[in-house]
Amino acid sequence: MALRVPLTHVRGKTLLGSPAVRKASQHQVLRISAADEAQVQKVKELEDLEHLQLDFWRGPGQPGSPIDVRVPFPSIQAVKAFLEAHGLGYTIMIEDVQSLLDEEQEQMFAFQARSRSTDTFNYATYHTLEEIYGFMDLLVAEHPQLVSKLQIGNTYEGRPIYVLKFSTGGNNRPAIWIDTGIHSREWVTQASGVWFAKKITQDYGQDLTLTAILDSMDIFLEIVTNPDGFAFTHSKNRMWRKTRSLTPGSSCVGVDPNRNWDAGFGMPGASSNPCTDTYRGKFANSEVEVKSIVDFVKSHGNIKAFVSIHSYSQLLLYPYGYKAEPAPNRDELDQLAKSAVTALASLYGTKFKYGSIIKTIYQASGSTIDWTYSQGIKYSFTFELRDTGRYGFLLPASQIVPTAQETWLALRTIMEYTLNHPY
Amino acid sequence: MPGSSCVIGCGLETRKEEPPFSQHCFPQPLWLLLILTYLIERLMMCRDMPAVNEWISFAPCGCSNPRASCRGRTTQPEEVGSMPGTELLNSKPRIVNPKKECQVDLVFTTDRYNPEEGEERLGKCSARVFFRNQKPRPAINVTCTRLIEKNKRQQEDYLLYKHMKQLKTPLDVVSIPDSHGHIDPSLRPIWDLAFLGGSYVMWEKTTQFLHYYMAQLSSVNQWKTNDDAIDFDYTVLLHEFSTQEIIPCRIHLVWYPGKPLKVKYHCQELQTPEASGTEEGSAVAPTELNNF
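Numbering of residues begins from 1 in every chain and follows the order in which that chain's sequence is written. Chains carry letters and ligands carry numbers; both start at the beginning, A for chains and 1 for ligands, and go up in the order they are written. Owing to the predicted nature of the model, reporting of local features is limited to residues with pLDDT of at least 70; listing and counting of side-chain atom pairs is limited to 80 or more, with chain, interface and lining totals taken over all residues. To get the side-chain values, all heavy atoms of the structure are used, and hydrogens and water are removed first.

Going by an unreviewed UniProt entry, chain B carries the name Retinoic acid receptor responder 1 and comes from Felis catus.

As annotated in an unreviewed UniProt entry, chain A is Carboxypeptidase A1 from Felis catus. UniProt positions are given in the numbering used here, feature names are shortened, and annotations may be inferred rather than shown by experiment. UniProt, in its Catalytic activity (unreviewed entry) section for chain A, records the words "Release of a C-terminal amino acid, but little or no action with -Asp, -Glu, -Arg, -Lys or -Pro." For the record of chain A, the UniProt heading Subcellular location (unreviewed entry) holds the text "Secreted".

Written out as structure tokens, the structure is:
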């Protein structure tokens, strides 16, 4: 029984690029181990037998170095007999080349389809930064009357920071803010943000509630709130949480963007050690990713609800995180949270707990919604999406759409409430 | 059917579902480890709170700041996503000595680790978890009834063991689940066994203030089955609350059904502020371990 090797493990070799591969049914790829020089020589002998039509992906070299060869079906028996007769160990890397080819073809098609429109975009898989930025441009192009893209700044490493604005007109209407991906490893959040964006364009004019909301208010959606961190989770470290800023005097990188806001900054609930994942930064708003939002919120001046989305734990939280004293409109927030999680649970039964940050999870200082609340944004919430720890950050892609769907119901509840309770 | 009880530290047996409670101690019953992880995750942390009046009302969860962790939560059963097959029915904290000790009583149900569609909840358990002096490794006393009977358990254990012996050496494997949360079905038993060892480590590290989830099996260093036992050397990443740190732990476990599980481990320490060497502070893969 051979181990199926995932396509990505076939190093550097795109099967479609192989000229000889027309019909690769039942062709196998073998990995041969040649223990000494004599054995390497034997494999070279095999190479010389042209009638076998062997295709060496990794040719014989030093003893101990693996030798990979694609063997057409008619030659398989002969090759294996040869290897066994000469004591050459081998494993079957790829049992059936054709099925891998088919898979790869599919992926290539999917890739091409993805880039054509937001209707063929695959919402049920995780995407790269480039793909998400591409999606944004597609959405704007498809709905120019409703959606526009704003750049609110640049990251530490120089990437643009984009926010999508959904508006049916007016001038600086009261607005709702939603952000996802402030902690880069929380991949289900950026993926949900993409889904929300599409959902808004689909539901405007179709769903009464959403239409009523957009007829009086604007929605701002920042899908990748920490682009540097997000890129890093793809390239180097899937578990990266913070920004990628350098801290003078330390070899450690990054600041926790959810401890960097100017609310209770410096108090218990964040770390002063740059090497930790809850490092608050040298001062509040030191992170450009945070400062950009702060500047935007202040200059807009009319944001009425602010929702920051994280994962995981299945929680809906309101201020405060840095102190135990209840927020002035705590009862109202609690009621609203309860309605929101009830709406969320109505779809798939997913249970969320709710409450203030400090009482529901732990003390956290310098957090986003403590600051937005202090700016007078009465309806400030933080979500922690699926799951409760079984997969954690590595939530299977198959759960992206259900997660986004149920979360949307909660968001809608909050947005509708905000619409109906102007202040 | 009378229940059996076990103070934590009793011999390992099954993996597939609830284990028996054998009386010889150390290390843990397989299943107990899984349960423990759940228990510990679900306990609200016992913390000191500044204002005395916060202690006034007891809610059915954690020791310190009882209202806090339990706000919005009732005594209704809740789905435990992290711990398949368990369902919390009730928990009553009792602050013994607020600054030093924390005791939590829990009642919950269990079922098979990989339940079939529509299968009912099986075991019913009650547990008392006791943290002393803010130290890790809480004492745990668990009693269960209605577990699967011993013979069937042993049978299933042995089947699993045989299946594992036939697996090809997964040394090529990195990261289970992968970045997209996918676990290849053929590699699932490896993850399960890794999780078992991981849950033991998590129990040993849990305090009133810190609890863990197993984020990922990040590498398989060795998988030997040529002797009778399964000899498994691997690295997991633990996600630590409330620090949010990702902690690599190298674990070496040896399993033979019917015999106690042997677990040795070493978790990487966090870097000091001005540390040189590796340049990131989180989720660094461990390098050579000196004293493993």
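Right, let's talk about the overall build of chain B for a bit. The secondary structure listing takes helices from DSSP runs of H or I that are at least 4 residues long and strands from runs of E that are at least 2 residues long, numbered from the N terminus. Looking only at helices and strands, one finds four helices and 11 strands in chain B. Using a 1.4 Å probe on the protein chains alone, a residue whose accessible area is under 20% of its type maximum counts as buried, one over 50% counts as exposed, and one in between counts as partly exposed. Residues classed as buried in chain B amount to 58% of the 292 residues present. Residues are treated as being in contact if the distance between any of their heavy atoms lies within 4.5 Å. Restricting to contacts in chain B with at least 6 residues of sequence separation, those with at least 24 account for 54%. Summing over all exposed atoms, chain B offers an accessible surface of approximately 12,400 Å²; the carbon and sulfur share of this is 51%. Only the protein chains shown count as cover for residues, and all accessible areas are computed by the Shrake-Rupley method using a 1.4 Å probe.

Each helix and strand in chain A was counted, giving 12 helices and 12 strands. Viewed in the frame of its principal axes, chain A has a C-alpha envelope of about 85 × 50 × 40 Å. A total of 423 residues make up chain A; the buried ones form 61% of that total. Within chain A, residue pairs in contact and separated by at least 24 positions form 74% of the contacts whose partners lie at least 6 positions apart. With an accessible surface of roughly 16,500 Å², chain A has 51% of that area assigned to carbon and sulfur atoms. Taking the average location of the 41 positive side-chain charges in chain A and that of its 44 negative ones, the two points are 4 Å from each other. Residues scored as charged are limited to Lys and Arg (positive) and Asp and Glu (negative), so that His and the chain ends carry no count. To locate a charge, take atom NZ for lysine, CZ for arginine, CG for aspartate or CD for glutamate.

Here we take up the sheet that holds strand β7 (residues 174-176) of chain B. To summarise the sheet geometry, strands pair through backbone hydrogen bonds and adopt either a parallel or an antiparallel arrangement. Residue and element names in this part refer to chain B. Strand pairing follows a simple DSSP-based rule, namely that at least 2 bridges must link the two strands. Spatial strand order, β7-β8-β9-β10-β11: five strands in an open sheet with antiparallel pairing. Looking at which strands have only one partner, the edges of the open sheet turn out to be β7 and β11 (262-267). Here the average twist between neighbouring strands, direction ignored, is 30°. Sheet analysis places strand β8 (residues 211-224) next to strand β9 (residues 230-241), joined by 11 bridges and oriented antiparallel. Axes, fitted as lines to C-alpha atoms, cover a helix only where it is in contact. Angles between the N-to-C directions of the axes lie from 0 to 180 degrees.

Note on disulfides: each one is a pair of cysteine sulfur atoms within 2.5 Å. If you walk through the whole model with that rule in mind, you get three disulfides over all chains. Cysteine 252 of chain A shares a disulfide with cysteine 275 of chain A; S-S distance 2.0 Å. When the S-S torsion is 85°, as for the bridge of cysteine 252 of chain A with cysteine 275 of chain A, the disulfide is right-handed. With cysteine 252 of chain A in the loop between α7 (227-235) and α8 (288-300) and cysteine 275 of chain A in the loop between α7 and α8, the pair connects residues that are 23 residues apart, well separated along the chain. Per residue, the accessibility class of cysteine 252 of chain A equals that of cysteine 275 of chain A, and both read buried. Between the sulfur of cysteine 249 of chain B and that of cysteine 267 of chain B lies a disulfide, 2.0 Å long from S to S. Between cysteine 249 of chain B and cysteine 267 of chain B the disulfide shows an S-S torsion of about 105°. By sign, it is right-handed. Of this pair, cysteine 249 of chain B sits in strand β10 (residues 246-255) while cysteine 267 of chain B sits in strand β11, and the two are 18 residues apart along the sequence. Per residue, the accessibility class of cysteine 249 of chain B equals that of cysteine 267 of chain B, and both read buried.

Bringing the environment of histidine 266 of chain B into the picture now. Relative to the elements of secondary structure, histidine 266 of chain B occurs in strand β11. For the pair histidine 266 of chain B and cysteine 102 of chain B, spaced 164 residues apart in the sequence, the C-alpha separation amounts to 27 Å.

Before going further, it helps to spend a moment on the packing of aromatic side chains. Each Phe, Tyr or Trp ring (for Trp, its six-membered ring) is paired with any other whose centre lies within 6.5 Å, and the angle between the two planes then decides the class: stacked below 30 degrees, edge-to-face above 60, tilted in between. All told, the structure shown has 29 aromatic pairs over all chains when counted by the stated rule. Ring geometry for tryptophan 223 of chain B and phenylalanine 232 of chain B: centres 4.9 Å apart, planes at 80°, overall edge-to-face. Grouping aromatic residues by their ring pairs yields a cluster made of Trp177, Phe220, Phe296 and Phe306 of chain A. Charge-over-ring contacts are defined here by two conditions on Lys NZ or Arg CZ: a distance within 6 Å of the ring centre and an angle within 35 degrees of the ring normal. Over the aromatic face of phenylalanine 232 of chain A sits the side chain of arginine 244 of chain A, whose NZ or CZ is 3.6 Å from the ring centroid. One cation-aromatic arrangement involves lysine 323 of chain A over tyrosine 320 of chain A; the distance from NZ or CZ to the ring centre is 4.4 Å.

What follows covers the UniProt feature "domain: Peptidase M14" (unreviewed entry) in chain A. In the UniProt entry, the feature "domain: Peptidase M14" (unreviewed entry) is given for residues 125-418 of chain A. Secondary structure across residues 125-418 of chain A comprises 38% helix and 17% strand; the distance between its end C-alpha atoms is 32 Å.

A few words on the UniProt feature "active site" (unreviewed entry) in chain A. Feature annotation in UniProt assigns "active site" (unreviewed entry) to the following positions: Glu384 of chain A. Position of glutamate 384 of chain A relative to the elements: it lies in strand β12 (residues 379-385).

Attention now moves to a nonpolar patch on the surface. Residues qualify for a patch when their relative accessible area is over 30% and they have no salt bridge, like charges being joined within 9 Å and the nonpolar side chains of Val, Leu, Ile, Met, Phe, Trp and Tyr within 5 Å. One speaks of a salt bridge when a side-chain nitrogen belonging to Lys or Arg is within 4 Å of a carboxyl oxygen belonging to Asp or Glu. On the surface, a cluster of nonpolar side chains totalling about 280 Å² of accessible area is made up of Tyr156, Leu246 and Val288 of chain A. Since its relative accessible area comes to 57%, leucine 246 of chain A is described here as exposed.

Per the stated rule, a full pass over the model turns up 22 salt bridges over all chains. Of the charged contacts in the structure, one is a salt bridge between arginine 31 of chain A and aspartate 68 of chain A, with a shortest N-O distance of 2.9 Å. On the criterion of sequence distance, the pair formed by arginine 31 of chain A in strand β1 (residues 28-33) and aspartate 68 of chain A in strand β3 (residues 66-71) is long-range, its members being 37 residues apart. Since its relative accessible area comes to 6%, aspartate 68 of chain A is described here as buried. Here arginine 188 of chain B ties to aspartate 192 of chain B by a salt bridge, and the two come within 3.1 Å at their closest N and O atoms. Placement of both arginine 188 of chain B and aspartate 192 of chain B in helix α4 (residues 188-205) is noted, with a separation of four residues, approximately one turn of the helix. Judged by its relative accessible area of 4%, aspartate 192 of chain B falls in the buried class. Linked by salt bridges that have partners in common, Arg31, Arg58 and Asp68 of chain A make up one network.

The next thing to look at is the nonpolar core. Generally speaking, a soluble globular protein has its nonpolar side chains buried in company with each other. Definition of nonpolar core: a set of buried residues of the types Ala, Val, Leu, Ile, Met, Phe, Trp, Tyr and Cys, connected through side-chain atoms within 4.5 Å. With 146 residues, the main nonpolar core has Phe166 and Phe383 of chain A as its most contacted residues. In terms of residues, this core owes the most to one element, α4 of chain B, which gives 10 residues. Setting aside anything within four residues of it in sequence, one finds phenylalanine 166 of chain A in contact with Leu139, Leu146, Val147, Ala197, Ile200, Thr201, Leu214, Asp218, Ile219 and Leu221 of chain A.

A separate point is helix α2 (residues 76-85) of chain A. Residues that lie three or four places apart on an α-helix share one face, since the helix turns once every 3.6 residues. Residue and element names in this part refer to chain A. Three or more residues of α2 are buried, namely Ile76, Val79, Lys80, Phe82 and Leu83. The arc that holds every buried residue of α2, seen down its axis, measures 160°, which confines them to one face. Residues Gln77, Glu84 and Ala85 are exposed on α2 and point more than 90 degrees away from its buried face. Buried-residue contacts for α2 involve β1, α1 (37-48), β3 and β4 (89-94). Phi turns positive one or two residues past the end of α2, at glycine 87, with a value near 65°. Our arc is simply the arc of the directions from the helix axis toward the C-beta atoms.

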